[in-house]
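Descriptive structure summary
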Amino acid sequence: MMPTTWPAPPPPGAPSNGYTVPYPAPAFTPVPVRQSFGQPLVVPQPHLLPTYPLAPNYAHPQSQPPPSAPTNYATAVASPPSETPEQKKKIEWPESVRNYVQRSFSTDNLVASVSRGEMEAKLKETISQAADNNVMYSVDWDSMPLPQQMIVEERKKRSQASASAVGSSPTSKKRKSSDLSDVANLAINNPPWRAGASRLEDRVSFSKDKRQASDETPDNSKLNKLEKRQKRFNGGYTSTYRSPSPPPDNGPVVGTSQNLEKRYLRLTAAPKASEVRPPHILRQTLELLKKKWKKDQNYGYICDQFKSMRQDLTVQCVRDEFTVEVYEIHARIALEKGDLGEYNQCQTQLKALYKLGLKGKPNEFKAYRILYYIHTANKTELNSALADLTAAEKKDPAIKHALDVRSALALGNYHRFFRLYNETPNMGAYLMDMFVGRERLAALCNLCRAYKPDIPLRFVAEELYFESDMEAAQFIVDHQGENLLTEKNGTIVFLTGKAGALFEGAKTAAFSRVDIKGQI
Amino acid sequence: MEFGKEFYREFAEAWTTQNGYQLGQTISPDLPAADLQRIYRSMDTEHLNWKNGRNDDYKTLIKRGLQNSGVKAQGISPNEVQGWAEVYHAYWKSTGCLFAAKRSQGNQGSTSLWTEVYDEWKKLVNALIQGYNSHGFEAWTIPCLYMAGKHLRLFAMKADDERNKNAVDNDPSAAFRDDFDPESEKHKQLEDCARVLNRIFTVCLSDRAPLAESRKWGIYYIINLLFKTYFKLNSTSLSKNVIKVLTAGRGDMPDFYAFPKSQQVTFKYHEGVLAFLEENYVEAEKHLTEAWNTIHKDATRNKELILTYLIPCHLITTHTLPSEKLLEPYPRLQKLFLPLCRCIKKGELHAFDVALQEGEDEFVKRRIYLTLERGRDIALRNLLRKVFIAGGFVTAKEGELPVRRTRIPVSEFAAAITLGSQEKVDNDEVECLLANMIYKGLMKGYISRDHGMVVLSKSGAFPGTGV
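Please read all numbers here as calculations on a predicted model, not as lab measurements.

Moving on, we get to the overall build of chain B. Assigned secondary structure in chain B consists of 22 helices and 5 strands. Burial status across chain B gives 44% buried among its 467 residues. At a minimum sequence separation of 6, the contacts of chain B that also span at least 24 residues come to 65%.

Here it is in structure tokens:
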């Protein structure tokens, strides 16, 4: 089995884990964010610099500013704007300005993609500019665009600018024009790494409720604090990774990489567009991998490639039928190679993807799921899986087969079980292979108790679905039953009457261990 | 009760008599909306009464009220009074939310009223926990924890319901994360509630005071709340953890049978169901029987719940079916079990399959499907027994009692099974079924493959059935 660094996803089906670990593991782990804890702050948006009275402090990052300084900065940005005047200078603000501030924060005017922190910064910038230019009373505040509108406007401009810059750069000559509009559209959404940062905070504060905090209307001081911390994190974070590059808050990555193959590396930072492959490249990758898999059957390589492909899809927020296909194929290959860790990850994702209504082979994978629960002897989940099936699904050949397998085993009907084993649809046999051994032992125990004095070896081979008499004999010998095989009237017989409880120990042992990584 | 003289007297009285349940009543949220509103408003009146030039906040007011209520004579420390002031302040705040939520019931205007109630109530619970941890609350006051915990769970469920009902079938793409779990979103508040209850559990469990005045006396009430919560969350493994913690520290615990019977029954019921879900039917039967024997005779609904699991247990452990008399008071159980029971009794395989299929949804919902399915073995046993009886007797020797025919061709069983299940079953599969019967001890004898014969025991071929 491949060693995998991918975090085992909390199984949606197993509420035990799902419950105790409610904190999402993001597509990548934004670990370095924490490093910014003790680091001096670097103002993230250079164009705001001149308006900050405290700015000089931050021009010398190596001279650790006293702890009060960063908080100072943070409060200046994130405290409610009504307080800002007192903190700065004692100025009487005109009524029109107060109204303007109020309008900005009125819930009707909030824009989901603009965080409170950004808004406050913008607001402060606007007002202090007016104050510096002594136009406080002359500006028509009532017709002034609200800070969130300004931010959205600026972003648009910026993304257009960067899009055209990208377009002119040599690496992306092949990109189609349609991709450019994507950039602008996506720019408004919250980028995935932003979500990642806030989720890290969830872990730190052990509060689940804040998961969506950044999207909600910040209406109390707690959230405000959260914003401050986010600001602080983001500040340290972004400056470490992408100082000269375009601003980080422009939506999910749109990959520009043209390489078909890519090694899987667990992300510890925001993904770089140049290293992410866009969907049309990934499609080519998939074709290439299919060919390579047929030709070389090198699982280590294939698994690695599929993981990087899944990662590229995740960071670009691509969820369509192609995504389903990638996960389905990877699940099948993992199944074939008995890599249950990867298989389970794919199954978890597929469950969510099918729920989105995307086309694929849900029934095939539901059947696998049932077989898998049989393997792990997870009665609780099995019961839940039964409860979830619709009448139509129960008629689907693959699902019906899985259900029949379950029922045959429940009633100890090994005869029927091994017939079903013989006619497993799709790739279910790989799953059944995992528990067919223990079921053979159980059946053997049965035979030994029920038949006297003996049965033909051929009968054992047929009933337990061994490829040959030899294989059946080998199985018996492997479990210390060599003395029970003897020749009688020209055929080999199995002396069931003398077996006693020989296979019981092996059977118990075989049924007792089921412990699998990434189990669902 | 409204904040005011009457309330403080009640507080003092509970304190003087050390009546925890009376004290618990003072933080009951289980009141009509009008009363809640009165309580919420009473603080304003209090505020006016006390004002006299001072502008204290409500918490200080409550604190002063408690101090002057006469509890000082009971040796209450200022620190403790402070703790209770926190509790009652939180209580006061939640009555406001609760009133709003109750008043708007049925109208869809707001979407988060119950969430607010939950959040406020949680603050009360936290104030209580804090009280035990750092304000020196005494053990006799634990009924307050019962009251708080019980309603926390109820509010959590209401908040979840409210959110799920109002969710505009939210963007399914939000579901696409590496670890997406729709269930946990659905039970957001209840999961949070489970964590809070777990803290209460710790508060009770970790008390090192002598048993007579230990918070450990609260443990089973809280465990039962946890069980209910975990069951609702479908998380049986967490319930098992609770039992593990309990068995680990059993030596330090008060005797189980010294706890109120209602708590014993609830605990045993859950313990039994947990064993049942693990297919440990012997253990399950033990606990459920105990619950059954202890339960109040009029608790029909709960008796019904116990029987829902005890009946399948008996089917597996002793192969017995419930009598009609037992089921008489429970029409629901009759509907659930009687069709299956009849088929089992008569050995009608096909009818059994049909009945199982018809009840499948209900059985699966109650998590007894997989257990009842195994009742087919008993139905089969009864069918095979009929074959055996139909075989009649072999001519007895002079002076001996007649003996049943014990050598029966497999084909006779095959005919019966084919007839009974209404599908063609070949001899190999019949042998497999027979082997199973023998292996499971439902039938005594052996199969002779060479002769196509089943040789049954002369004494008790079908143990426990009289033949």
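Now that the structure has been shown, the text picks up again.
This part covers the overall build of chain A. Each helix and strand counted, chain A has 22 helices and 3 strands in total. Here chain A holds 520 residues, and 39% of them are scored as buried. Summarising the internal contacts of chain A: among those between residues at least 6 apart in sequence, 70% fall at separations of at least 24.

We now examine the pairing of strand S3 (residues 491–494) of chain A. Put simply, side chains in a regular strand alternate between the two faces of the sheet. Residue and element names in this part refer to chain A. As paired strands, strand S1 (residues 455–456) and S3 are joined by 2 bridges and run antiparallel to one another. Looking at S3, one finds that Pro456 is bridged to Val493. Where strand S2 (residues 485–488) folds back onto S3 in an antiparallel hairpin, the turn is made up of 2 residues, including Asn489, whose phi is positive at roughly 50°.

All names here are of chain B. Here helix H16 (residues 331–346) contains 16 residues, and its C-alpha end-to-end distance of 22 Å stays within 8% of the 22 Å for a straight helix at 1.5 Å per residue. In H16, a bend of some 40° at Phe337 exceeds every other bend along the element, and Pro339, a proline, comes one to four places later. Listing the buried residues of H16 in full gives Leu336, Phe337, Leu340, Cys341, Cys343 and Ile344. Those residues of H16 that are buried lie in contact with helix H14 (300–317), helix H15 (324–327), helix H17 (349–358), helix H18 (360–365), helix H19 (369–373) and helix H20 (375–390).

The next subject is the packing of helix H13 (residues 281–294) of chain B against H14 of chain B. Residue and element names in this part refer to chain B. Interaxial distance between H13 and H14 falls to 9 Å at its minimum, and their mutual angle equals 140°. With respect to their mutual orientation, H13 and H14 come out oblique. Crossing of H13 against H14: the hand is left-handed. In contact with Tyr281, Val282, Ala284, Glu285, Leu288, Thr289, Ala291 and Trp292 of H13, H14 contributes Ile306, Tyr309, Leu310, Cys313, His314, Ile316 and Thr317. Of the residues belonging to the contact of H13 with H14, the class tally is 11 nonpolar, 3 polar and 1 charged.

With that settled, consider the sheet that holds S3 of chain A. Residues and elements named next belong to chain A. One open sheet accounts for 3 strands, arranged S1-S3-S2; its pairing is antiparallel. A strand with exactly one partner marks an edge of an open sheet, and here the two such strands are S1 and S2. Strand direction decides the pairing type here: S2 and S3, joined by 4 bridges, are antiparallel. What sits directly across from Glu487, in S3, is Ile492.

Here we take up H14 of chain B. Residue and element names in this part refer to chain B. Over its 18 residues, H14 extends 25 Å from the first C-alpha to the last, a length consistent with the 26 Å expected when each residue adds 1.5 Å. Along H14, the helix axis deviates most sharply at Leu307, where the bend reaches about 30°. Regarding H14, the residues found buried are Lys303, Ile306, Leu307, Thr308, Tyr309, Leu310, Ile311, Pro312, Cys313, Leu315 and Ile316. Against the buried residues of H14 lie helix H12 (261–277), H13, H16, H19 and H20. Directly after H14, the chain includes His319, whose backbone phi takes a positive value near 55°.

The omega angle of the peptide bond from Lys452 of chain A to Pro453 of chain A is -5°, so this bond is cis rather than trans. Note on placement: Pro453 of chain A falls in the loop between helix H19 (428–450) and S1. At Gln297 of chain A, a residue that is not glycine, the phi angle is positive and equals roughly 55°. Tracing the backbone through its elements, the reader meets Gln297 of chain A in the loop between helix H10 (279–296) and helix H11 (299–315). At Gln18 of chain B, a position not held by glycine, the phi torsion is positive, near 50°.

Residues and elements named next belong to chain B. The 3 strands lie next to each other as S3-S5-S4, forming an open sheet whose pairing is antiparallel. In the strand order of this sheet, the two ends are held by strand S3 (407–409) and strand S4 (445–448), each with one partner. On average, each strand axis in the sheet is tilted by 25° relative to the strand beside it, whichever way the strands run. Where S3 lies against strand S5 (residues 453–456), 3 bridges are found, and the strand directions are antiparallel.

This part takes up the nonpolar core. Leu371 and Leu447 of chain A together with Tyr309, Phe413 and Leu434 of chain B are the most contacted members of the largest nonpolar core, which totals 131 residues. When residues in this core are grouped by element, the largest group, 11 residues, is from H19 of chain A. What Leu371 of chain A contacts, discounting residues up to four positions off in sequence, is Ala402, Val405, Gly428, Leu431 and Met432 of chain A. Among the nonpolar cores identified, the runner-up in size contains 73 residues, and Met43, Ile223, Leu238 and Val242 of chain B belong to it.

The rules behind each value
- Residues numbered from 1 in each chain as written.
- Chains lettered and ligands numbered in written order.
- Predicted model: local features only at pLDDT ≥ 70, side-chain atom pairs only at ≥ 80, totals over all residues.
- Helix = DSSP H or I, 4+ residues; strand = E, 2+ residues; numbered from the N terminus.
- Buried ≥ 20, exposed ≤ 12 C-beta atoms within 10 Å, placed from the backbone.
- Contact = placed C-beta atoms within 7 Å.
- Pairing = 2+ DSSP bridges.
- Expected span 1.5 Å × (residues − 1).
- Bend = angle between axes of the 7 residues up to and from the residue.
- Axes fitted to C-alpha atoms, helices over the stretch in contact; angles between N-to-C directions.
- Parallel < 35°, antiparallel > 145°, perpendicular 65-115°, else oblique.
- Left-handed = near helix turned anticlockwise from the far one by under 90°.
- Nonpolar A, V, L, I, M, F, W, Y, C, P; charged D, E, K, R; others polar.
- Core = buried A, V, L, I, M, F, W, Y, C linked by C-beta atoms within 7 Å.

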